[in-house]
Structures are given as structure tokens and as C-alpha cells.
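# Structural overview
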Amino acid sequence: MKTIDIHAHLVPRSLWQAVEARREWHGFRHEPGDGIGSMLGGGKRTSFSSPKVRFTPEERLKDMDAQGVDVQVVSIHTPFFGYHLDPAQGRALARDVNDEIGAMTRQWPQRFAGLATLPVQDVKAAIDELERAVAVLGLKGAELDTAVNGENWDEPKFRPLFKAAEAMGAVLFFHPQPQHNFMMQRTTRYGLFNSLGVILDDAIVVAMLILGGVLDACPNLKVCIAHGGGPACYAMGRLDRGWQGTPEANRSIPKPPSSYQRRLYYDTVVGSEKALRFLLDEVGSDRVVLGSDWPFVPWHPSPVTWVQGLKSLSADEKEKILWKNLESLLGLA
């Protein structure tokens, strides 16, 4: 059985080359410390929890083999989106990263597919880079943060980007910041910014795409949400009640929010079998895809083995999750 992982991060080799040369990488600079140190940029610090962030592609392939993953869909580690940069700097960062991912997919086309990063602080530049990434580099779409410099994706200025992605058949994979999200405003204790803050951001972007009318405006848009969409599907009853309690003339969408949840895809990084079973029952087995959050989540022994060993999933569900859904979504057949 083939296995395809949509949620596999990259800290670019160009970043580590800049670190070794003791120079900045698109406004980010390295600070030595525990392990492999941390990166500072945009007033924020990013520390690394896994030494695998320094793996070469060849080392990455060996790790994939050990985990039983045939194909990784590679996307940048989200703290390095660079949305805080000025548009020219953001465009330079995106081109640098996307060229590197594109080179990986060309050298190992049977093992890697790619998602671009985009300078979404400038929507026109983001559209131009998405077109280059898909048409020239052969990438399958883009990874996006769940917000852009404090703005949500329902803002009208982002609609042309969604329209362009829809026209290209590009997949948009939404993934929030693991170390810097709104949970930090409440507490920095207990690691809640990652365990809880991340999935709350996932749920918010689901709500924004639905209630903001993005899915109505772009009926063929291909979207996947990291971490199973967080608690979004669990909260659909409450979202529906809010919609039903809104006068019809003031509703932003014509149908209840829950009627849109099967329009999205969701990965399997949910933390437990019960959560995955609930997600499958809510959205259907054709909307759930394998994710690992490589290399930041320790799997025992692998995300593939975990899915294969789940007793509440049928053989057909496992096959769809492990490869069939992503092969179809990404056009990898």
C-alpha cells in the first residue's frame, strides 16, 4: 500500500547555510543555545524541538523509509513564512524556499511533492508566486498561515488569491504558528500555545473560510486544514445555532455552517483514535488524509503504523487516508 503524508515541514538548507556563514537569512538570524539554537525574526524566537530540522534530503528519505512513508508533501516550517517582511523581502524569501522545494521534487519525483510559501502581505505578488510555483516549479499548491499579520482570511482583499488558486487547481494547506499564537496572550505555561493554541487557530480558519463566504465564492477550491481542523467539526452545532439565530437578511452564507465542513480536507494529526473516529464520522473517509507533522511529532513507531493499527477504522478507510485521497487531491497518480 502506498503512503502519502501531506504534513511534512522543511527548514530550508539555505537557512542552515546562512547560519554556517554567520549571516542573516531573509531577516532571520541564528542565536546559539541548547541543541541547535534558535532563530530570531520579526521580534519572535523560534526554537527547534527536533534535530531532524537539519537533515539533508538523503537523511530525510532514510527517515521516511523507516516510518513507511513513500511520499512527503513538503512545506516550510511555519515560523519562516515571513509575512512580517516588506513585500520585496517576502517575495525573495518565498522564491528561495520554493526553488529549494521544487528542486527536491524534481530530483526525487517519486518521493517528494511540494507546497509553496507565498508573500501574502502583497496579494498580487502572492498570486504571481503561486502561478510560478505551480506552472514552472511543479508544486501542488501552497501552505498558508491561519492569519496574515493580524488579519483573517475573510478579508475581501484575499479573495483574488483564492480565486487564482481555484483556477489553478492548487491545494491550500492551512497551518498555524506552533510557538506564537493568541494563546500566548493568556498564558505561556504548560505548553498550551502548541497543544491547544494551534488547534484553536485551526478551528478559527475553518470558521472564517465558511462564514466569510470563501467556499461559496470558490466552490471548487481545494483546502486542507492541519491537525484535523482542531475542534472545528466538534463545534459545528454551535456554529449552526449562531447562524440560525441570525436574521436571514443578515446571514453571510446561504446554508448552515455544518453543510460546508465536507468541502474541506483534514489531516490525521489529531492526537487520539477517538478524535480521528469522530472526524471521520463527521466529514467522511474521503476527506481525511495522512499527516505526520514531520519532524516535530514523535511517532511510535510511525504515523503510518498508527493509522494501520487503529481498530475502529475499516480497511477501506485506512486505504483512503493513507494514500487514495491525497493521490486524487494532488494529482499524483
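Scroll up to find the structure.
Residues numbered from 1 in each chain as written. Predicted model: local features only at pLDDT ≥ 70, side-chain atom pairs only at ≥ 80, totals over all residues. Heavy atoms only, no water.

Further remarks concern the sheet that holds strand E1 (residues 4-10). One open sheet holds the 3 strands; their spatial order is E1-E5-E6, and the pairing between them is parallel. Single-partner strands in this sheet number two, and they are E1 and strand E6 (112-114). Put simply, the sheet's adjacent strands are angled 35° from each other on average, direction ignored. Sheet topology places E1 next to strand E5 (residues 71-76); 5 bridges connect them, and they run parallel. (Pairing = 2+ DSSP bridges. Helix = DSSP H or I, 4+ residues; strand = E, 2+ residues; numbered from the N terminus. Axes fitted to C-alpha atoms, helices over the stretch in contact; angles between N-to-C directions.)

Under the definition given, this model contains 13 aromatic pairs. Arranged with centres 5.4 Å apart and planes meeting at 55°, the rings of tryptophan 16 and phenylalanine 48 form a pair that is tilted. With tryptophan 16 in helix H1 (residues 13-20) and phenylalanine 48 in the loop between strand E4 (44-47) and helix H2 (57-67), the pair connects residues that are 32 residues apart, well separated along the chain. Arranged with centres 5.2 Å apart and planes meeting at 75°, the rings of phenylalanine 28 and phenylalanine 80 form a pair that is edge-to-face. Pair noted here: phenylalanine 28 is in the loop between H1 and strand E2 (29-31) and phenylalanine 80 is in the loop between E5 and helix H3 (87-107), with a separation of 52 residues, a long-range link. Put simply, the rings of Trp16, Trp25, Phe28, Phe48 and Phe80 touch in pairs and so form one group of aromatic residues. The side chain of arginine 287 reaches across the aromatic face of tyrosine 265, ending 4.2 Å from its centre. (Phe/Tyr/Trp six-rings, centres within 6.5 Å; stacked < 30°, edge-to-face > 60°. Lys NZ or Arg CZ within 6 Å of the ring centre and 35° of its normal.)

The next subject is the sheet that holds E4. Strand order in the open sheet formed by 3 strands is E2-E3-E4, and the pairing between neighbours is antiparallel. Only two strands of the sheet have a single partner each, and these edge strands are E2 and E4. Across the sheet, the mean angle separating the axes of adjacent strands is 30° when strand polarity is ignored. Judged from the 3 bridges that link them, E2 and strand E3 (residues 38-41) form a sheet pairing that is antiparallel. Residue arginine 29 lies in a different strand from E3, and its bridge partner there is leucine 40.

With 4 bridges connecting them, strand E8 (residues 171-174) and strand E9 (residues 222-225) associate as parallel partners. Bridge pairing in E9 links phenylalanine 173 to cysteine 224. Taken together, the 2 bridges between E9 and strand E10 (residues 265-267) define a ladder with parallel strand orientation. Note that in E10 the partner of isoleucine 225 across the bridge is tyrosine 266. This β-α-β element, E9 to helix H9 (residues 236-244) to E10, shows right-handed connectivity. (Right-handed = clockwise from strand over helix to strand, strands pointing away.)

What follows covers the side chain of serine 14. Tracing the sequence through the fold places serine 14 in helix H1. Using a relative accessible area of 13% as the deciding quantity, one classes serine 14 as buried. Every residue in contact with serine 14, bar those within four places of it in the chain, is listed here: Trp25, Asp96 and Glu100. (Buried < 20%, exposed > 50% of the residue type's maximum accessible area, 1.4 Å probe, protein only. Contact = heavy atoms within 4.5 Å.)

What follows concerns the pattern of salt bridges. It is possible for side chains of opposite charge to pair when their charged atoms get near one another. Under the definition given, this model contains 14 salt bridges. Across the pair glutamate 129 and arginine 95 runs a salt bridge, and its minimum N-O distance is 3.8 Å. Here arginine 95 lies in helix H3 and glutamate 129 lies in helix H4 (residues 123-135), a separation of 34 residues in the sequence. Given the relative accessible area of 38%, arginine 95 is considered partly exposed. Aspartate 99 is the partner of arginine 132 in a salt bridge, and the nearest nitrogen-oxygen pair spans 2.9 Å. Taken together, the positions of arginine 132 in helix H4 and aspartate 99 in helix H3 put the pair 33 residues apart, joining distant regions of the chain. (Salt bridge = Lys/Arg side-chain N within 4 Å of Asp/Glu carboxyl O.)

By themselves these figures say nothing about function.
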